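# Structure at a glance
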Amino acid sequence: MRKKIVIITLILICGIGSIIKFKTSIYREDISSKLIRFHVIANSDLVMDQNLKLKVRDEVLSYMSPKLKQCNNINESRRVILENNKEIKNIAEKIIKQNGYDYSVETKLSQENFPVKTYGNITLPQGKYEAYRIIIGKGEGQNWWCVMFPPLCFVDITKGEVSYKETEKEMKQVLNDKEYETIDNTSNGNIKIKFKIAEVIKKALN
């Protein structure tokens, strides 16, 4: 009897996971093609390196905020990021030097694979995204991230907080209702857990 219950439970989990996987895969590529992520990766997980990462983040966001807020689409944002890449690197190097470190800095805009990530009230599924990354030193520490286009990073730059209303407003300017519903925590319950289930089942089936 116990064996039958286990089998039925596994079948149900696989069934639910397949539905989630199918639903999210429909929109995942469309969503990822409409976003540019921003990641600042620390040299290590030591407190001093994590604090340095945040100082670099703050200075770069302060510099890029007025520039990216004027962008009307992803192509304009991409152009502005690339045009300012050298200056962003200079800013990061300056902050690192001012804080007494000699870490190298790598900056690049590229396609990268990312796991499930939550930012405020949105959870982005696992997949490949265009991302602008600042890698400090060895780049072996935890990273800070947000969405550069639409410009979610700059909504509450002075407070260091995420505004759910502003996040929704910005995301809905580039995503349709179904796409936004797919990543919206408030309408999907614990969507992060659902994405994780889909990931686990996908790995098990492969």
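Anyway, here's the lowdown on the structure attached to this text.

Calculation notes
Residues numbered from 1 in each chain as written. Predicted model: local features only at pLDDT ≥ 70, side-chain atom pairs only at ≥ 80, totals over all residues. Heavy atoms only, no water. Salt bridge = Lys/Arg side-chain N within 4 Å of Asp/Glu carboxyl O. Helix = DSSP H or I, 4+ residues; strand = E, 2+ residues; numbered from the N terminus. Buried < 20%, exposed > 50% of the residue type's maximum accessible area, 1.4 Å probe, protein only. Pairing = 2+ DSSP bridges.

For the rest of this paragraph, the subject is the pattern of salt bridges. Counted according to the given criterion, the structure contains six salt bridges. Where Glu130 meets Arg78, a salt bridge forms, and the shortest distance between an N and an O atom there is 2.7 Å. Taken together, the residues Glu130 in strand β5 (residues 127–136) and Arg78 in helix α3 (residues 74–83) connect sequence positions 52 residues apart. Residue Glu83 is joined to Arg79 by a salt bridge in which the shortest nitrogen-to-oxygen separation is 3.3 Å. Taken as a pair, Glu83 and Arg79 lie in helix α3 at a separation of four residues, close to a single helical turn. Glu83 gets classed as exposed once you look at its relative accessible area, which sits at 54%. Residue Arg79 is classed as partly exposed on the basis of its relative accessible area, which comes to 43%.

What follows concerns the pairing of strand β1 (residues 36–41). Taken across its six residues, β1 has six buried, putting it largely inside the fold. Across the two faces of β1 the burial is the same, with Ile36, Phe38 and Val40 and Arg37, His39 and Ile41 all buried. Sheet topology note: the β1/β5 ladder contains six bridges and is parallel. Each residue of the ladder has a partner; that of Ile36, found in β5, is Glu130. Pairing between β1 and strand β6 (residues 143–149): six bridges, direction antiparallel. When the sheet's bridge partners are listed, Ile41 is paired in β6 with Asn143.

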